[in-house]
Amino acid sequence: MTRIDLHTHSTASDGTDSPAELIRRAAAAKLAVLALTDHDTLDGLAEAAREAEGSALVLVRGCEISTATPWGEAHFLGLWIPDDAARTEALEKALAQVREKRLVRNLRIAEKLRMLGMDVTYEAAAALAGGRVVGRPHFAELLCRMGVVENRREAFRRYLGRDGAAYEPRELMSPERAVSLIKASGALVSMAHPRLLKASAEELERLVSGLKDAGLDALEAYHSEHDAGDVRLCVELAAKHELQVTGGSDYHGLAKPKIALGCGHGNLRVGMSVYESLMKYREKTGLTD
């Protein structure tokens, strides 16, 4: 089966492969289509596009936005984001505000780690990010290099995860705003990994129903952390509300070592039929240029 992957991350956010490296890995894995969907930024898309130019790999320009719900964070993917500054101006402005709030959070995390007796600075974590979006994975890597923890998993368990000693919550936008921002740019909007939300099936359906009115186009049914039951529920929910389905590994490189590009944990397979259905939907709804 010809495979695609519509959910990946690079060093532009919290992945460990540069955008160009990600494209090369996708080509080596013989993927037909790859979406780069970094958190809260479009910064890696130009580099990825340059690397993909002239190759058989189709690059889908994307991003991922986190939002706040009563059941935890809900994430939304923008797919086929236009390469047009005028059309993405509002989205870029909103993402810049998100990154500013992320900076405040990172400074507080660094302060909490120092209060725990560690010589940690935001600048040191930012250096590991290489000028890209700084996040908790960079603090985790810093703690590993300092010898405070043996690996990133321990760093999150002890310090950076929701129950960690240095955890700092995020200030997030609403799902409705994220969906509206992405849709207004001319992109397709998909709810990422819906079953990771700590909501019942009934609560999830109410959320999805409301977001359909705001412009939601699709549900990411196929995901590394969805089991067969999760996939079935998402496919049925999408059909009921006349939504499309998308799928991707949520690849982060070494940050999530058990997730392989295009394969997830080893069982994920997203075929060209998903891509073809999405392209037909985009043409039908006028989402193409």
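This text goes with the structure placed above it.
In what follows, the accompanying structure is described. (Residues numbered from 1 in each chain as written. Predicted model: local features only at pLDDT ≥ 70, side-chain atom pairs only at ≥ 80, totals over all residues. Heavy atoms only, no water.)

### Structural notes on the overall build of the chain
Phase 1 of the analysis: What the chain contains, in helices and strands, is 10 helices and 7 strands.
Phase 2 of the analysis: Against the compact-globule benchmark of 19 Å for 289 residues, the chain has a radius of gyration of 18 Å, which places it among compact chains.
Phase 3 of the analysis: Along the first, second and third principal axes, the C-alpha atoms of the chain reach 55 × 45 × 40 Å.
Phase 4 of the analysis: Within the chain, buried positions represent 53% of all 289 residues.
Phase 5 of the analysis: The long-range share in the chain, meaning contacts at least 24 apart out of those at least 6 apart in sequence, stands at 70%.
Phase 6 of the analysis: Counting only carbon and sulfur atoms, one obtains 48% of the accessible surface of the chain, whose full area is about 13,200 Å². (Helix = DSSP H or I, 4+ residues; strand = E, 2+ residues; numbered from the N terminus. Rg over C-alpha atoms; globule rule 2.2 N^0.38 Å. Buried < 20%, exposed > 50% of the residue type's maximum accessible area, 1.4 Å probe, protein only. Contact = heavy atoms within 4.5 Å. Areas by Shrake-Rupley, 256 points an atom, 1.4 Å probe, with all protein chains shown as cover.)

### Points about the nonpolar core
A general tendency of soluble globular proteins is for nonpolar side chains to be buried together.
Phase 1 of the analysis: Counting residues in each nonpolar core, the largest one holds 42 residues, and the members touching the most others are Leu34, Ile65, Phe76, Met191, Val208, Leu216 and Leu219.
Phase 2 of the analysis: Residues in contact with Met191, not counting those within four places in the same chain, are Ala74, His75, Phe76, Leu197, Leu204, Leu207, Val208, Leu216, Ala218, Leu219 and Glu220. (Core = buried A, V, L, I, M, F, W, Y, C linked by side-chain atoms within 4.5 Å.)

### A closer look at helix 7 (residues 175–184)
Phase 1 of the analysis: Regarding helix 7, the residues found buried are Pro175, Ala178, Val179, Leu181 and Ile182. Seen from one end, helix 7 has its buried residues packed into an arc of 165°, which puts them on one side.
Phase 2 of the analysis: Those residues of helix 7 hidden inside the fold are in contact with strand 3 (58–69), strand 4 (72–79), helix 3 (85–115), strand 5 (188–192) and helix 8 (201–214).
Phase 3 of the analysis: Gly186 occupies a position one or two residues after helix 7 and carries a positive phi of about 100°. (Arc of directions from axis to C-beta.)

### Points about the side chain of Thr67
Phase 1 of the analysis: Position of Thr67 relative to the elements: it lies in strand 3.
Phase 2 of the analysis: Assessed through its relative accessible area of 0%, Thr67 is described here as buried.
Phase 3 of the analysis: A distance of 2.8 Å separates the side chain of Thr67 from the backbone oxygen of Ala74, its partner in a polar contact.
Phase 4 of the analysis: Contacts of Thr67, omitting those with residues within four sequence positions, involve Gly72, Glu73, Ala74, Phe76, Leu172, Met173, Ser174, Pro175 and Ala178. (Polar contact = N/O pair within 3.5 Å; in protein donor to acceptor, adjacent residues only side chain to side chain.)

### Focus on the packing of helix 4 (residues 122–129) against helix 5 (residues 136–146)
Phase 1 of the analysis: Here helix 4 crosses helix 5 at 105°, and the two axes come no closer than 9 Å. Between helix 4 and helix 5, the angle is such that the two are roughly perpendicular. For the pair helix 4 and helix 5, the contacting residues are Tyr122, Ala124, Ala125, Leu128 and Ala129 in the first and His138, Phe139, Glu141, Leu142 and Arg145 in the second.
Phase 2 of the analysis: When its residues are assigned to classes, the contact of helix 4 with helix 5 shows 7 nonpolar, 1 polar and 2 charged. (Axes fitted to C-alpha atoms, helices over the stretch in contact; angles between N-to-C directions. Parallel < 35°, antiparallel > 145°, perpendicular 65-115°, else oblique. Nonpolar A, V, L, I, M, F, W, Y, C, P; charged D, E, K, R; others polar.)

### Remarks on unusual backbone geometry
Phase 1 of the analysis: Backbone geometry at Asp40 places phi at a positive 60°, although glycine is not the residue there.
Phase 2 of the analysis: Relative to the assigned elements, Asp40 resides in the loop between strand 2 (33–36) and helix 2 (45–52).
Phase 3 of the analysis: The buried category is assigned to Asp40, whose relative accessible area is 1%.
Phase 4 of the analysis: Positioned with a positive phi, His193 is a non-glycine residue whose angle comes to about 30°.
Phase 5 of the analysis: Looking at the element boundaries, His193 is found in the loop between strand 5 and helix 8.
Phase 6 of the analysis: Take His193: its relative accessible area is 8%, and that puts it in the buried class.

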